[in-house]
Amino acid sequence: MKYFYRVIAIAGTLVLLMSAGLIVMRSAYRRPYRSVVEASGVDPALVYAVMKAESGFDERAVSRAGAVGLMQLLPSTAEYICQKENIVFQGENLLDGAYNVRLGCMYLRYLLQRFSDERTAICAYNAGEGTVAGWLQNESYSDDGKTLNEIPYTETRTYEKKVFNFRKNYQILYQ
C-alpha cells in the first residue's frame, strides 16, 4: 500500500511540475491583442511568432532602422499597407499596440498573398519586399522564382528560423 501512495504522490508531483512548466512557457509565449490577431485572417501562431521575434512584445520598441512597435513596422511600410487597404494612415498611433498589430497583420497577410511560400513571405517581412523579390530573380538564391533555396542575409536567415521555431512552440502550447 505504501508503494501505491508513493506512486500517486510522484504522479501528482509530476502533474504539478508539468502544469507549472506550461504556465512558465505560456508566459514566455504571450498572445496580446488576441481579438485583433484572430480577426486578421492570418494564422495566429505565425503572427505571434513574428511579434515575438520582432519586438519581444515590447510595444514601445524602436529599431535603429526606425521600425516601431510590437510588429516593428517602418512608418513608410505602415503607410503603404494603409493605402493598399484603403484606410487612413495614423503615424502618430504606430506605438499603440492594437493599431500596430492590426497594420502588422495586414502587412503580413499582404506578404503571404504576394509570395506564395510562407518562408519567403517571412523573409520579406524581415529584409523587405523589394529585396526578396530581387533574390527570387537571382538563380543563385531561387530555382523557380517563387521559393528561396538560399537566404543571402545572415540576419534574415536567423530571423526566418527563429520565427518558425516560435510558431512551432505556439502551436504546441495553444493548439
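Residues numbered from 1 in each chain as written. Predicted model: local features only at pLDDT ≥ 70, side-chain atom pairs only at ≥ 80, totals over all residues. Heavy atoms only, no water.

**Q** Residues and numbers for the overall build of the protein, please.
**A** Looking only at helices and strands, the protein features eight helices and zero strands. Ordered by position from N to C terminus, the α and β elements of the protein give α-α-α-α-α-α-α-α. Across the 175 residues that make up the protein, the buried fraction comes to 37%. Considering only residue pairs separated by 6 or more positions, the protein has 53% of its internal contacts joining residues 24 or more positions apart. (Helix = DSSP H or I, 4+ residues; strand = E, 2+ residues; numbered from the N terminus. Buried < 20%, exposed > 50% of the residue type's maximum accessible area, 1.4 Å probe, protein only. Contact = heavy atoms within 4.5 Å.)

**Q** An account of the packing of aromatic side chains is needed here, citing residue identities and associated values.
**A** Enumeration over the complete set of coordinates arrives at eight aromatic pairs. Here the aromatic rings of Y29 and F166 are separated by 5.9 Å at their centres, their planes lie at 75 degrees, and the arrangement is edge-to-face. Taken together, the residues Y29 in the loop between helix 1 (2–28) and helix 2 (34–38) and F166 in helix 8 (residues 154–174) connect sequence positions 137 residues apart. A centroid spacing of 5.6 Å and a plane angle of 50 degrees characterise the contact between Y107 and Y125, whose relative ring orientation is tilted. Of this pair, Y107 sits in helix 5 (residues 97–114) while Y125 sits in helix 6 (residues 118–127), and the two are 18 residues apart along the sequence. Since its relative accessible area comes to 8%, Y107 is described here as buried. With a relative accessible area of 8%, Y125 lands in the buried category. (Phe/Tyr/Trp six-rings, centres within 6.5 Å; stacked < 30°, edge-to-face > 60°.)

**Q** Hey, could you go over the environment of Y107 for me, with residue numbers and the actual values?
**A** Along the sequence, Y107 and C82 sit 25 residues apart, while their C-alpha atoms lie 9.0 Å from each other. Non-local contacts of Y107, meaning those with residues more than four positions away in its chain, are made with L73, T77, I81, A124, Y125 and E129.

**Q** Now, about helix 8: what can you tell me, with residues and values included?
**A** Every α-helix winds through 3.6 residues per turn, so residues three or four apart in the chain are directed the same way. Helix length check: helix 8 (21 residues) gives 30 Å between terminal C-alpha atoms against 30 Å at 1.5 Å per residue, within 8%. By the burial criterion, the buried members of helix 8 are T156, Y159, E160, V163, F164, F166, R167, Y170 and L173. (Expected span 1.5 Å × (residues − 1).)

**Q** Describe the confidence of the model for the protein, naming the residues involved and giving the relevant values.
**A** Overall, the prediction assigns the protein a mean pLDDT of 90, with 85% of residues at 70 or greater. The low-confidence segment residues 11–17, where pLDDT is below 50, has zero contacts with residues more than four positions distant or belonging to other chains. (pLDDT = per-residue confidence, 0-100.)

**Q** So, the packing of helix 6 against helix 8: which residues are in play, and what are the values?
**A** Put simply, helix 6 and helix 8 touch, their axes get as near as 9 Å, and they point 120 degrees apart. The orientation of helix 6 with respect to helix 8, classified from their angle, is oblique. The chirality of how helix 6 crosses helix 8 is right-handed. Facing E118, R119, I122, C123, Y125, N126 and A127 of helix 6, the residues of helix 8 in contact are E155, T156, Y159, E160, V163, F164 and R167. (Axes fitted to C-alpha atoms, helices over the stretch in contact; angles between N-to-C directions. Parallel < 35°, antiparallel > 145°, perpendicular 65-115°, else oblique. Left-handed = near helix turned anticlockwise from the far one by under 90°.)

**Q** Explain the packing of helix 3 (residues 44–55) against helix 5 to me, and be specific about the residues and the numbers.
**A** Where helix 3 meets helix 5, the closest approach of the two axes is 11 Å, and the angle between their N-to-C directions is 115 degrees. Between helix 3 and helix 5, the angle is such that the two are roughly perpendicular. Here helix 3 runs over helix 5; the crossing is right-handed. Along the contact surface, helix 3 presents L46, V47, V50 and M51, while helix 5 presents V101, C105, L108 and L112.

**Q** Go over the pattern of salt bridges with me, naming the residues and quoting the values.
**A** Taken as a whole and judged by the stated rule, the model has six salt bridges. Among the ionic pairs, R167 bridges to D43, the shortest N-O distance being 2.7 Å. With a gap of 124 residues between them, R167 in helix 8 and D43 in the loop between helix 2 and helix 3 connect regions that are remote in the sequence. By relative accessible area, D43 is classed as partly exposed at 23%. A salt bridge links E160 to R119; the shortest N-O distance between them is 3.3 Å. In this pair, E160 sits in helix 8 while R119 sits in helix 6, placing the two residues 41 residues apart along the sequence. Residues participating in the shared-partner salt-bridge network are D43, E118 and R167. (Salt bridge = Lys/Arg side-chain N within 4 Å of Asp/Glu carboxyl O.)

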